[in-house]
Amino acid sequence: MKRVYPMKPERTKKDRLRADILLIAALLALALGFFAVQRLSRKDGALAVVYVNGERTAEYPLAEDTTVTLHAPNGGYNILVISGGTADVTEASCPGRGSASGESRAVRGRYDRVSPEQNGDPHRGCGFSRYRSGELI
Amino acid sequence: MKKTKRLVLLAMLTAVAMILSYVESLLPSVAIPGVKMGLANIAVIFALFRFGWKEAAALSLVRVVLVSLLFGSVGAMLYSLAGAVLSLAVMALLRRIDRFSTVGISVTGGVAHNAGQILMAMLILQTKQLLGYLPVLAVSGIAGGVLTGACCGAAHPPHSGILISIR
């Protein structure tokens, strides 16, 4: 029978078995290393970031369902509800138009996209907006 | 080997590969798309050892095209084709190096198949996100590769590594 590349007889089955095991181990290590690099280079999921007067005061992962009351220095408050991967400001104390500047404002996702609330909108902190991963939805 | 005998053997191996693909398509699919045992690889590796890389390549291509037309979709053919080509290239190389048993070759082939599919998907869908699938699919490819490699070793005993005792 014609064999294109004959098996080398000097390599025993034991040799081949050892080579196989080494190969599999190397491939597994490669997959694991790839996975680890990916995990490390990725930011840990989407976040709801809370800014009070332009300062980053807190962040909450969108992966966990929570309800937090955010207090602003001027006594105002926002209620932040995170559920199902989205952040909601369900309730806010808005003392009146144009006077909410002290409120905790702008619940943002991790991409830090500029949403209307961060552009000097007087209604900031009074919005009942929903966000997911940095997008206004 | 006589030409006719060779032709018949290859045709039969192709039929076996197609049936194995069909059997595999009947199995319930796991949560992650792309996770497969790659049973058809048994026939491809067998051909790789018995004949050579050209015959194995022909078998593999004919199988992919026919199986896609018969049981799958033409869209899926591109993915299979990319996987098959990359997998065959890697396996032929390892066969030539002649250091591993069918298991080692099959494992690498399985991983390469998955990598090829992902690369093709990335090309078609224009997204890098899919690269995250690679480690998962690589591990599944290794597991499937051990299985198919062992099967092939049993079918072609002189080349088995892990299945020494079962022989």
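As the structure is a prediction and not an experimental result, all values here were calculated from the model. (Residues numbered from 1 in each chain as written. Chains lettered and ligands numbered in written order. Predicted model: local features only at pLDDT ≥ 70, side-chain atom pairs only at ≥ 80, totals over all residues. Heavy atoms only, no water.)

Points about the overall build of chain B
Within chain B, the secondary structure is distributed over 6 helices and 0 strands. For chain B, the succession of helices and strands along the chain, N to C, is α-α-α-α-α-α. Looking at chain B as a whole, 49% of its 167 residues are labelled buried. Taking contacts inside chain B between residues at least 6 apart in sequence as the whole, the part at least 24 apart equals 70%. Total accessible area on chain B is roughly 8200 Å²; 72% of this is exposed by carbon and sulfur atoms. (Helix = DSSP H or I, 4+ residues; strand = E, 2+ residues; numbered from the N terminus. Buried < 20%, exposed > 50% of the residue type's maximum accessible area, 1.4 Å probe, protein only. Contact = heavy atoms within 4.5 Å. Areas by Shrake-Rupley, 256 points an atom, 1.4 Å probe, with all protein chains shown as cover.)

Looking at the overall build of chain A
Within chain A, the regular secondary structure consists of 1 helix and 8 strands. Helices (α) and strands (β) of chain A occur, in sequence order from the N terminus, as α-β-β-β-β-β-β-β-β. Sequence separation of 24 or more characterises 44% of the internal contacts of chain A that already satisfy a separation of 6 or more. In the structure as shown, chain A presents an accessible area of about 8200 Å², 57% of it carried by carbon and sulfur atoms.

Description of the nonpolar core
Residues B:L13, B:L59 and B:I105 are the most contacted members of the largest nonpolar core, which totals 35 residues. For this core, the element with the most residues is helix α2 (residues 41–50) of chain B, which contributes 8 residues. When near neighbours in sequence (up to four residues on either side) are disregarded, B:I105 contacts B:L48, B:F49, B:M91, B:L94, B:R95 and B:F100. A:L62, A:V68, A:L70 and A:L80 belong to the second largest nonpolar core, which has 8 residues in total. (Core = buried A, V, L, I, M, F, W, Y, C linked by side-chain atoms within 4.5 Å.)

Structural notes on the side chain of B:T14
Tracing the sequence through the fold places B:T14 in helix α1 (residues 3–26). Leave out the neighbours within four places in its chain, and B:T14 touches B:L59 and B:V62.

Overview of the packing of aromatic side chains
Residue and element names in this part refer to chain B. Overall, the coordinates contain 1 aromatic pair over all chains when judged by the stated rule. Taking the centre distance of 4.7 Å and the plane angle of 40° together, the rings of Y22 and F71 count as tilted. Of this pair, Y22 sits in helix α1 while F71 is found in the loop between α3 (53–70) and α4 (74–97), placing the two residues 49 residues apart along the sequence. On the basis of relative accessible area, Y22 is assigned to the partly exposed category, the value being 37%. For F71, a relative accessible area of 39% corresponds to the partly exposed category. (Phe/Tyr/Trp six-rings, centres within 6.5 Å; stacked < 30°, edge-to-face > 60°.)

Considerations on a nonpolar patch on the surface
All names here are of chain B. Taken together, the side chains of Y22, L26, V62, L66, L70 and F71 make up a nonpolar region of the molecular surface, amounting to roughly 550 Å² of accessible area. Those elements that provide at least two residues to the nonpolar patch are α1 and α3. Counting residues per element, the nonpolar patch draws most heavily on α3, at 3 residues. Take L26: it is sitting in helix α1. Judged by its relative accessible area of 57%, L26 falls in the exposed class. (Patch = residues over 30% accessible without salt bridge, like charges linked within 9 Å, V, L, I, M, F, W, Y side chains within 5 Å. Salt bridge = Lys/Arg side-chain N within 4 Å of Asp/Glu carboxyl O.)

Quick notes on α3(B)
Residues and elements named next belong to chain B. Taking 1.5 Å per residue, 18 residues should reach 26 Å; α3 reaches 25 Å between its end C-alpha atoms and fits that length. Within α3 the residues assigned to the buried category are E55, A56, A57, L59, S60, R63, V64, V67 and S68. The secondary structure elements touched by the buried residues of α3 are α1, α2 and α4. (Expected span 1.5 Å × (residues − 1).)

Remarks on the pattern of salt bridges
Under the definition given, this model contains 3 salt bridges over all chains. Here the salt bridges share partners, and the residues they tie into one network are A:R16, B:R95 and B:D98.

Some thoughts on the environment of B:V65
Relative to the helices and strands, B:V65 resides in helix α3. Residue classification places B:V65 among the partly exposed residues on the basis of a relative accessible area of 33%.

Comments concerning the packing of helix α5 (residues 102–125) of chain B against helix α6 (residues 133–155) of chain B
The interhelical angle for the contact between α5(B) and α6(B), taken along N-to-C directions, is 145°, at an axis separation of 7 Å. For the pair α5(B) and α6(B), the sense of crossing is right-handed. (Axes fitted to C-alpha atoms, helices over the stretch in contact; angles between N-to-C directions. Left-handed = near helix turned anticlockwise from the far one by under 90°.)

What about the environment of B:L86?
Tracing the sequence through the fold places B:L86 in helix α4. In this structure the C-alpha to C-alpha distance between B:L86 and B:G109, which are 23 residues apart in sequence, comes to 8.0 Å.

Function cannot be read off these values alone, since they describe shape.
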